[in-house]
Amino acid sequence: MALSTYPLLEIDLRMIERNTEVVLQKCNSWHLHPVVVTKGFLADAPLVSLFYQSGIKSFADSNLDNLLKIKKLLPPGVRLILIRLPMKEEIKEIAAEDIIPFVSHWEIVEALNEEAKKENKVLPLFLALESGDAREGFLPEEIEEMGDKLNKFSSIKIEGICSTLACLSGILPDEGILERLIVFKNNWENKWGNKISLSVGGTTFLSLWEKDENIKGVDEIRLGEALLFGNDISRGRQINWLERGAFTLKAEIVEIKSKEPDMRREKGFDAFGEPNFPPATGKRKRMILALGKQDSDEHQLYCSDENAKIIGATSNYLVMDIEDSNRAYKLGEVVQFQAGYGAVLRAFLSPYVKKVYRW
Ligand SMILES: *Cc1c(COP(=O)(O)O)cnc(C)c1O
């Protein structure tokens, strides 16, 4: 049992429900099937149920356990996609539980085919395509050279091809990248004679449809950030047709004092091995909150008091400069922040942060 209420993450379900409704309408008019990506909140049941009840029937996660959790929670018939390349020990489970994986090696396709054969089923999967981020995916030449490989795999079915951008290198999708993917899909369908899906993600792809509603040939879009945060961090923009502020992180002030780092001492690195040399400022009023890097990401916390500045964080403290603030903060008071994607993910991963859902 936790002794204290804080730190606490409060989640506004109503706001996320409204965002989901709007995204569903948009996707409908764009002829796109929306897939909700649940890795940002560990596929926690209240949110998964809300998405399902709003009409979402496809879920994707980078963690197999999260997908199995969704499978237990929801009625049969939901589509579950593993968007992280499988590890070898996961292959059996993927086949047994009808999870649709992303794959980028023929050895893995072969291993999945063997497992599916044992299970007496035909397993759908996505071939990941490298399209610029230099992260996961088959290289174009590997696909060109595959020849008749696919005919060997009688127990798998290529459900589609997929592309992910803006995650590692920050490469943004543009019309050219989309066009290449669509051409690839069309050539594939002509060659093999069966329809496949083209799946793109994540939120960064939305801009392309906002610019041109008539894009044809893409079947589904995988979204996390847009639905949860109404943001597209890859383009540094707020999505003006969605709402922001569904996640509020609250933490308690455990110290308020005027202090300054002792600049006469030798300087090393901070507790996380980063150089962190503060400028000389003289004594300034600081407050310390019981919230650390273990619970959140201080770079994605936004305080409504513009004059209260986050100086930094240790494993278990958040230190803020409030010298210029007009607010009279008090010891024991609770301060709240709007939390971004990384901050929320870490809060969900921290057993120290309580989660409270509100309607
Ligand atoms: C995280 C992720 C997404 C969702 O991205 P958002 O920016 O949260 O919308 C989509 N596809 C893959 C493969 C991912 O890892």
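Our subject is the structure that appears above.
Quick notes on the rules
Residue indices follow the written sequence of each chain, beginning from 1 at its first position. Restriction of local features to residues with pLDDT of at least 70 applies here, the model being predicted, together with a cutoff of 80 or more for giving and counting side-chain atom pairs; totals for whole chains, interfaces and linings are based on all residues. To obtain the side-chain values, all non-hydrogen atoms of the structure were included, while hydrogens and water were left out. A run of H or I in DSSP counts as a helix once it spans at least four residues, and a run of E counts as a strand once it spans at least two, with each numbered from the N terminus. When checking whether two residues touch, look at their non-hydrogen atoms; a contact exists if any pair is within 4.5 Å. By the counting scheme adopted, Arg and Lys are positive, Glu and Asp are negative, and His together with the chain ends is not counted. The atoms used to mark charge sites are NZ of Lys, CZ of Arg, CG of Asp and CD of Glu. By convention, a stacked pair of Phe, Tyr or Trp rings (six-membered ring in the case of Trp) has centres within 6.5 Å and planes under 30 degrees apart, an edge-to-face pair has planes over 60 apart, and any other such pair is tilted. Each residue's exposure class comes from its accessible area (1.4 Å probe, protein chains only) as a fraction of the maximum for that residue type: buried when under 20%, exposed when over 50%, partly exposed otherwise. We count a charge as sitting over a ring when the NZ of a lysine or the CZ of an arginine lies within 6 Å of the ring centre and within 35 degrees of the ring normal. Polar contact criterion, stated in full: a pair of N or O atoms within 3.5 Å, where within protein one must be able to donate a hydrogen and the other to accept it, and residues adjacent in sequence count only if both atoms are side-chain atoms. Strand pairing is assigned whenever DSSP detects at least two bridges linking the two strands. A fitted line through C-alpha atoms represents every axis, and for helices the fit uses only the stretch in contact; the resulting angles, taken between N-to-C directions, go from 0 to 180 degrees. Residues are called lining when one of their atoms sits within 4 Å of a cavity or pocket point, these points coming from a 1 Å grid over the protein atoms alone, where a cavity is a set in which a 1.4 Å probe fits but cannot get out and a pocket is an open set with protein on both sides within 12 Å along at least five of seven lines. Grid points are joined across faces, edges and corners, and a volume is the space filled by probe spheres set on the points. By the convention adopted, Pro, Cys, Tyr, Trp, Phe, Met, Ile, Leu, Val and Ala count as nonpolar, Lys, Arg, Asp and Glu as charged, and the other residues, Gly among them, as polar. One heavy atom within 4 Å of a molecule or strand makes the whole residue count as near it. In these tables, accessible area is a Shrake-Rupley quantity obtained with a 1.4 Å probe, and a residue counts as shielded only by the protein chains included in the view.

Draft legend 1. Fine view of the overall build of the chain. Within the chain one finds 11 helices and 18 strands. Principal axes of the C-alpha set define a box for the chain whose edges measure 70 × 45 × 40 Å. When contacts within the chain are restricted to residue pairs at least 6 apart in sequence, those whose partners lie at least 24 apart make up 67%. Distance from the positive charge centre (47 side chains) to the negative charge centre (54 side chains) of the chain: 4 Å.

Draft legend 2. The packing of aromatic side chains, seen in detail. If you walk through the whole model with that rule in mind, you get eight aromatic pairs. Where Trp-30 meets Trp-241, the ring centres are 6.1 Å apart and the plane angle is 85°; that geometry is what we call edge-to-face. A residue pair is termed long-range when its members are at least 10 positions apart, and Trp-30 in the loop between helix H1 (13-29) and strand E2 (33-37) and Trp-241 in the loop between strand E11 (237-238) and strand E12 (247-259) qualify at 211 residues. In this structure, Trp-30 and Trp-241 share a single accessibility class: buried. Taken together, Phe-184, Trp-188 and Trp-192 form an aromatic cluster joined through their ring pairs. If you follow Lys-26 out to its NZ or CZ, it ends over the ring of Trp-241, 4.7 Å from the centre.

Draft legend 3. Main features of helix H3 (residues 64-73). Inspection of H3 places Leu-64, Asn-66, Leu-67, Leu-68 and Ile-70 among the buried residues, and these make up the whole buried set. Looking at the buried side of H3, the elements it contacts are helix H2 (45-54), strand E3 (58-61), strand E4 (79-82) and helix H4 (91-96). Capping the start of H3 is the job of one residue whose side-chain oxygen sits 2.9 Å from the backbone nitrogen of Asp-65: Asn-63.

Draft legend 4. Summary view of unusual backbone geometry. Put simply, Tyr-6 and Pro-7 share a cis peptide bond, and its omega is -5°. For the bond running from Gly-201 to Gly-202, omega is -5°, close enough to zero to count as cis. Tracing the backbone through its elements, the reader meets Gly-202 in the loop between strand E8 (197-201) and helix H9 (206-211). Phi at Leu-42 takes a positive value of approximately 55°, unusual for a residue other than glycine. When you line up the elements, Leu-42 lands in the loop between E2 and H2.

Draft legend 5. Inspection of the sheet that holds strand E9 (residues 220-223) at higher detail. Spatially, the eight strands close up into a barrel ordered E2-E3-E4-E5-E6-E7-E8-E9, and their pairing is parallel. Recorded for the sheet is a direction-independent mean angle of 30° between the axes of neighbouring strands. Judged from the two bridges that link them, E4 and strand E5 (residues 100-103) form a sheet pairing that is parallel. Counterpart to Leu-82 in the pairing with E5 is Pro-101. With respect to the sheet, H3 is in contact with E3 and E4, its orientation differing from that of E4 by roughly 175°. Contacts from helix H5 (residues 106-118) reach E5, strand E6 (123-128) and strand E7 (156-164), with the element oriented near 175° to E6.

Draft legend 6. The layout of surface pockets, seen in detail. Within this model, the largest pocket holds a volume of roughly 830 Å³. Looking at the largest pocket, it is lined by 30 residues, and the ones nearest its centre are Asn-276, Pro-278, Arg-286, Ile-311 and Gly-312. Secondary-structure elements contributing two or more residues to the lining of the largest pocket are E12, strand E13 (284-289), strand E15 (309-313) and strand E16 (318-321). Here the lining of the largest pocket takes four residues from E15, the largest share from any one element. In terms of residue class, the lining of the largest pocket is made up of 12 nonpolar, seven polar and 11 charged.

Draft legend 7. Expanded view of the site of the ligand. Taken together, Val-37, Lys-39, Ile-83, Arg-135, Thr-164, Gly-202, Thr-203, Arg-222, Leu-223, Gly-224, Glu-225 and Tyr-341 form the complete shell of residues around the ligand. For the ligand, an oxygen atom lies 2.6 Å from a polar atom in the side chain of Lys-39. Contact distances for the ligand include 2.9 Å between an oxygen atom and a backbone N or O atom of Glu-225. For the ligand, the accessible surface in isolation is 390 Å², of which the surrounding protein chains cover 91%.

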